[in-house]
Amino acid sequence: MEGSEHVGSEIRYSHLLQILCMIFFYSVWILDSLILKTSTFLAEFIPLPIRLACSISIIAMGSILISKAHRKLFEEKSSDLITDGIFAHVRHPMYLGIILVYLGWLISTLSLLTLIPWIAVIALYSKMADYEEKQLEQKLGSRYAEYKKRVPKWIPKLKPS
């Protein structure tokens, strides 16, 4: 989040890095899954309908997380620490949602080569989350430290504390 109206800030060039990661992921996924098929041999053991059901479910979960986080962050225009809604369950729901969407695509074809860019996606969003958390710790001090103790970074709690 850029600008003085928001509590946190983003890592430098985050949008460019996200676009480059997306290009890397989908380039490898398309090349391996649809053209070369060099590492999709596991797909032979799991029927397409099962892979698609899992894939669509994971993409849907990721999309719901992204939507809920986006709504909370940008439509409610809060300038304070957000600790309710989806943010009561996980500290980085939008990033987690994006990671899940990529995972859904990976599962659809079980391309092992696509694990490489997926790990790069996880590393990027983890680095972005760490940066934003440091910014929030500096700005909000103990309020953010207490929030971090209550709410997990990546694996959502089903019941908020």
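Read on for an overview of the structure. (Residues numbered from 1 in each chain as written. Predicted model: local features only at pLDDT ≥ 70, side-chain atom pairs only at ≥ 80, totals over all residues. Heavy atoms only, no water.)

If you trace the backbone, S111 turns up in the loop between α3 (93-109) and α4 (115-140). Since its relative accessible area comes to 0%, S111 is described here as buried. Among the polar contacts listed, one links the side chain of S111 to the side chain of D32, at a separation of 2.5 Å. Within the structure, S111 has its side chain in polar contact with the side chain of T114 (distance 2.6 Å). In this view, S111 contacts D32, S33, S39, T40 and L106; residues no more than four positions away in its chain are not counted. (Helix = DSSP H or I, 4+ residues; strand = E, 2+ residues; numbered from the N terminus. Buried < 20%, exposed > 50% of the residue type's maximum accessible area, 1.4 Å probe, protein only. Polar contact = N/O pair within 3.5 Å; in protein donor to acceptor, adjacent residues only side chain to side chain. Contact = heavy atoms within 4.5 Å.)

All right, on to the packing of helix α2 (residues 48-75) against α3 then. Look at α2 against α3: their axes get within 7 Å of each other, and the N-to-C directions meet at 165°. Taken together, α2 and α3 sit at an angle that is classed as roughly antiparallel. Taken as a pair, α2 and α3 cross one another with a handedness that is left-handed. Looking at side-chain class alone, the contact of α2 with α3 contains 19 nonpolar, eight polar and one charged residues. (Axes fitted to C-alpha atoms, helices over the stretch in contact; angles between N-to-C directions. Parallel < 35°, antiparallel > 145°, perpendicular 65-115°, else oblique. Left-handed = near helix turned anticlockwise from the far one by under 90°. Nonpolar A, V, L, I, M, F, W, Y, C, P; charged D, E, K, R; others polar.)

Quick look at the packing of aromatic side chains now. Scanning the entire structure with this criterion turns up seven aromatic pairs. Seen from their ring centres, Y26 and W105 are 6.1 Å apart, and the 85° between their planes marks the pair as edge-to-face. Residue Y26 is located in helix α1 (residues 14-36), and its partner W105 is located in helix α3; the two are separated by 79 residues in the primary sequence. Y26 gets classed as partly exposed once you look at its relative accessible area, which sits at 23%. Ring centres of Y95 and Y125 lie 5.1 Å apart, and the angle between their planes is 55°; on these two criteria the pair is classed as tilted. With Y95 in helix α3 and Y125 in helix α4, the pair connects residues that are 30 residues apart, well separated along the chain. The exposure classification of Y95 matches that of Y125, with both residues buried. Within the aromatic cluster, the residues linked to one another by ring pairs are F25, Y26, W29, Y102 and W105. (Phe/Tyr/Trp six-rings, centres within 6.5 Å; stacked < 30°, edge-to-face > 60°.)

Moving on, we get to α2. Residues separated by three or four positions in an α-helix point in the same direction, a consequence of the helix having 3.6 residues per turn. With 28 residues, α2 extends 38 Å from end C-alpha to end C-alpha; this agrees with the ideal 40 Å at 1.5 Å per step. Along α2, the residues classified as buried are R51, S55, I58, G62, L65, A69, K72 and L73. For α2, the elements touching its buried residues are α3. One or two positions beyond α2, positive phi appears at K77, with a value near 50°. (Expected span 1.5 Å × (residues − 1).)

On to the pattern of salt bridges. Opposite charge on two side chains lets them pair, provided their charged atoms get close. Enumeration according to the criterion identifies six salt bridges in this entry. We note a salt bridge from E137 to K148, for which the minimum N-O separation is 2.4 Å. Placement of the pair is E137 in helix α4 and K148 in helix α5 (residues 142-150), with a sequence separation of eleven residues. The network of salt bridges with shared partners includes R91, E133, E137 and K148. (Salt bridge = Lys/Arg side-chain N within 4 Å of Asp/Glu carboxyl O.)

If you look at the biggest cluster of nonpolar residues, it comprises 34 residues, and the most contacted ones within it are F87, W118 and Y125. Here this core gets ten residues from one element, more than from any other, and that element is α3. Leave out the neighbours within four places in its chain, and F87 touches A69, K72, L73, I82, P93, Y147 and V151. (Core = buried A, V, L, I, M, F, W, Y, C linked by side-chain atoms within 4.5 Å.)

Considered as a pair, Y26 and S111 are 85 residues apart in the sequence and their alpha carbons are 11 Å apart. What Y26 contacts, discounting residues up to four positions off in sequence, is V101, Y102 and W105. Of note is the side chain of Y26, whose polar atom sits 3.3 Å from the side chain of W105.

Worth remembering: the numbers are spatial, not functional.
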